[in-house]
Amino acid sequence: MSSFKKILIPFDFSEASMNALEYVVNFVGTERSIGILGLYVGNMPISEADNEKLDKDFSKVMDSFDVKLKVSPEFITDTGEVISTILSAQEKSNADLIMMGTMGDKITDEAITNTSKLVLKANCPVISIPYGTNIKEPKNIALVMGGEKIDDKNVLETLLDIARTFDARVHALTIYKDSIYDEKAIKESNENLLEYYLEHFYEDHSFSKNEDVEQGILDYITEKNIDMLTILPRNHTERSEPSEGRLTKLLTLHSEIPVLALD
């Protein structure tokens, strides 16, 4: 049973957000007591009449999926800068997870980078859902790791929850440009933690050399039929400088499957 209680989904009636909402509805399913909170963020104050219309339109979209959820979905509106407003709503609602649609690099509009920005700023797990992704349960999840030892095992909690919920297999992946220093020692130390903390859902750990780390990850997704990609932030590892987020940005832009950023 999932420990998630509420999922926040920013929703602006765009194609990307409609696709993401359908994914979230399928993710929650008919048997899980997880609330869905839709959030519309406006640039200007929203009138009461417009609020009512947006709420009705959101309900129509939900009805179109023809899925009977155990917990009735909610819908709220707010005004302000998109990222800060979403993060504020997450804190106020105590949402366990943010799931947000993205057009990735299909459109070069500046607004499309909002999902990448949110992933880097959020203090909770975020799943970015690319437009066009298959609406299905994740059964094979790739966990992207660097060459560092995992320090904070608690960051794996959300990944374990999702693996339990969908009885998914977790495949650890390390892509490196040159030879890994003490690869065997790093692998063994992380292997023990992954086997212990991810229980029987942990499947294997692959190492691959590629000058283009992002391309190596995308190739692995295709080869292994991965349904969800998980990023482990560097600030949860020992003796490592916090990542500037470049790889995270690239993956949320270019991945054709959902990307879970752990925090």
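Here, every reference points to the structure presented above.
Rules behind the numbers
- Residues numbered from 1 in each chain as written.
- Predicted model: local features only at pLDDT ≥ 70, side-chain atom pairs only at ≥ 80, totals over all residues.
- Heavy atoms only, no water.
- Axes fitted to C-alpha atoms, helices over the stretch in contact; angles between N-to-C directions.
- Helix = DSSP H or I, 4+ residues; strand = E, 2+ residues; numbered from the N terminus.
- Parallel < 35°, antiparallel > 145°, perpendicular 65-115°, else oblique.
- Left-handed = near helix turned anticlockwise from the far one by under 90°.
- Contact = heavy atoms within 4.5 Å.
- Nonpolar A, V, L, I, M, F, W, Y, C, P; charged D, E, K, R; others polar.
- Buried < 20%, exposed > 50% of the residue type's maximum accessible area, 1.4 Å probe, protein only.
- Polar contact = N/O pair within 3.5 Å; in protein donor to acceptor, adjacent residues only side chain to side chain.

Chemist: If you had to explain the packing of helix H3 (residues 82-93) against helix H4 (residues 114-121) to someone new, which residues and values would you point to?
Modeler: Where H3 contacts H4, the two axes come as close as 10 Å, and the packing angle between them is 45 degrees. Comparing their axes, H4 and H3 come out oblique. Read as a crossing pair, H3 and H4 show a hand that is right-handed. Counted together, Val-82, Ile-83, Ile-86 and Leu-87 of H3 and Asn-114, Lys-117, Leu-118 and Lys-121 of H4 form the full contact between these two elements. Across the contact of H3 with H4, the residue classes break down as five nonpolar, one polar and two charged.

Chemist: Describe in detail the environment of Ser-17, supporting the description with residues and values.
Modeler: Mapped onto the elements, Ser-17 comes out in helix H1 (residues 15-28). Using a relative accessible area of 4% as the deciding quantity, one classes Ser-17 as buried. Taking the C-alpha atoms as reference, Ser-17 lies 4.9 Å from Gly-101; in sequence the two are 84 residues apart. Discounting residues that sit within four places of it in the chain, Ser-17 has contacts with Ile-9, Pro-10, Phe-11 and Asp-12. At a separation of 3.2 Å, a polar atom in the side chain of Ser-17 contacts the main-chain amide nitrogen of Phe-13.

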